[in-house]
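# Summary of structural features
Residue-level listing of the chains:
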Amino acid sequence: MEQVLKACSILAGHRYALDPAIRTLGEKRVPREGRVVASVRRFVRDVAADWGAADGVPEVAELLVSELVTNAVAYGAAGVPHETAVRVVVGRERELLIVEVYDSCVTIPRMRRAGDADGSGRGLAIVDTLAHAWGWTPNPHGKSVWFQLAAWPPD
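Below or above, wherever it landed, is the structure these notes cover. (Residues numbered from 1 in each chain as written. Predicted model: local features only at pLDDT ≥ 70, side-chain atom pairs only at ≥ 80, totals over all residues. Heavy atoms only, no water.)

### What about the packing of aromatic side chains?
This model, assessed by the stated rule, comprises 0 aromatic pairs. The lysine or arginine in question, Arg87, covers the ring of Tyr102, its NZ or CZ lying 3.9 Å from the ring centre. Between Arg92 and the ring centre of Trp152, over which it is positioned, the NZ or CZ distance is 4.1 Å. (Phe/Tyr/Trp six-rings, centres within 6.5 Å; stacked < 30°, edge-to-face > 60°. Lys NZ or Arg CZ within 6 Å of the ring centre and 35° of its normal.)

This is the structure:
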């Protein structure tokens, strides 16, 4: 509960605006259901490949978005009606591929320490290991969790 209150207080003073430096390459909205994760993985992989991201980047982006969408479906809407959507935006800022996953919950994402026998709890650790950078941003409708990958030569 303390995290929710902290996020709400941050959100109250935060004016959200799209960063004009980030060019949108693709966007997809999906229902908050586990069955959509595969569709989102293909979407992000295809957008990265279509825009000529470096070898291996589409596959890494596919893996990382899978983790974030799975989290958005499983944890990102506590207390929010199930009919809400998850929005995925793929963008580019200079040499960086940026993938953002929006959900309707203000709960701050946190890395967990998964034990050897645990079947879950490794998603954000994988994102932290493979992404150039990652984080979360509050917005008027919840939050986005995002990652960046170096995908193109520097300008």
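### Here's the deal with the sheet that holds strand β5 (residues 142–150)
Read across the sheet, 5 strands follow the order β1-β2-β3-β5-β4 without closing on themselves; strand pairing throughout is antiparallel. Among the strands making up the open sheet, the edge pair consists of β1 (23–31) and β4 (133–139). The sheet shows a mean angle of 20° between the axes of neighbouring strands, taken without regard to direction. Of the strand pairs in this sheet, strand β2 (residues 85–93) and strand β3 (residues 96–103) are connected by 7 bridges, and their pairing is antiparallel. Note that in β3 the partner of Arg92 across the bridge is Leu97. Contacts between helix α2 (residues 37–50) and the sheet are confined to β1, β2 and β3, with β1 contributing the most and set at about 170° to the helix. (Pairing = 2+ DSSP bridges. Helix = DSSP H or I, 4+ residues; strand = E, 2+ residues; numbered from the N terminus. Axes fitted to C-alpha atoms, helices over the stretch in contact; angles between N-to-C directions. Contact = heavy atoms within 4.5 Å.)

### Some points on the packing of helix α3 (residues 57–74) against helix α4 (residues 123–130)
Taken N-terminus to C-terminus, the directions of α3 and α4 make an angle of 150°; their axes are 9 Å apart at the nearest point. In this structure, the crossing between α3 and α4 has a hand that is left-handed. On α4, the residues that touch Val60, Leu63, Leu64, Glu67, Leu68 and Asn71 of α3 are Gly123, Leu124, Ile126, Val127 and Leu130. Here the contact of α3 with α4 is composed, by residue class, of 8 nonpolar, 2 polar and 1 charged. (Left-handed = near helix turned anticlockwise from the far one by under 90°. Nonpolar A, V, L, I, M, F, W, Y, C, P; charged D, E, K, R; others polar.)

### Quick word on unusual backbone geometry
Positive phi outside glycine occurs at Arg94, with the angle close to 50°. For Arg94, the position within the fold is in the loop between β2 and β3. What makes Arg94 partly exposed here is its relative accessible area of 47%. (Buried < 20%, exposed > 50% of the residue type's maximum accessible area, 1.4 Å probe, protein only.)

### Topic: the nonpolar core
Among the nonpolar cores identified, the biggest contains 32 residues, and Val44, Val65, Val88, Leu97 and Phe147 are the most heavily contacted of them. Contributing elements (two or more residues each) for this core: β1, α2, α3, β2, β3, α4 and β5. The element contributing the most residues to this core is α3, with 8 residues. Setting aside anything within four residues of it in sequence, one finds Val88 in contact with Gly26, Glu27, Lys28, Val40, Phe43, Val44, Val65, Val69, Val99, Glu100 and Val101. (Core = buried A, V, L, I, M, F, W, Y, C linked by side-chain atoms within 4.5 Å.)

### Things to note about the pattern of salt bridges
Tallied over the entire structure, the rule returns 7 salt bridges. Residues Arg29 and Glu27 are paired through a salt bridge, measuring 3.5 Å at the closest nitrogen-oxygen approach. By relative accessible area, Arg29 is classed as exposed at 58%. The salt bridge partner of Glu27 is Arg87, with a shortest N-O separation of 3.4 Å. Of this pair, Glu27 sits in strand β1 while Arg87 sits in strand β2, and the two are 60 residues apart along the sequence. We classify Glu27 as partly exposed; its relative accessible area is 40%. One salt-bridge network, held together by shared partners, links Glu27, Arg29 and Arg87. (Salt bridge = Lys/Arg side-chain N within 4 Å of Asp/Glu carboxyl O.)

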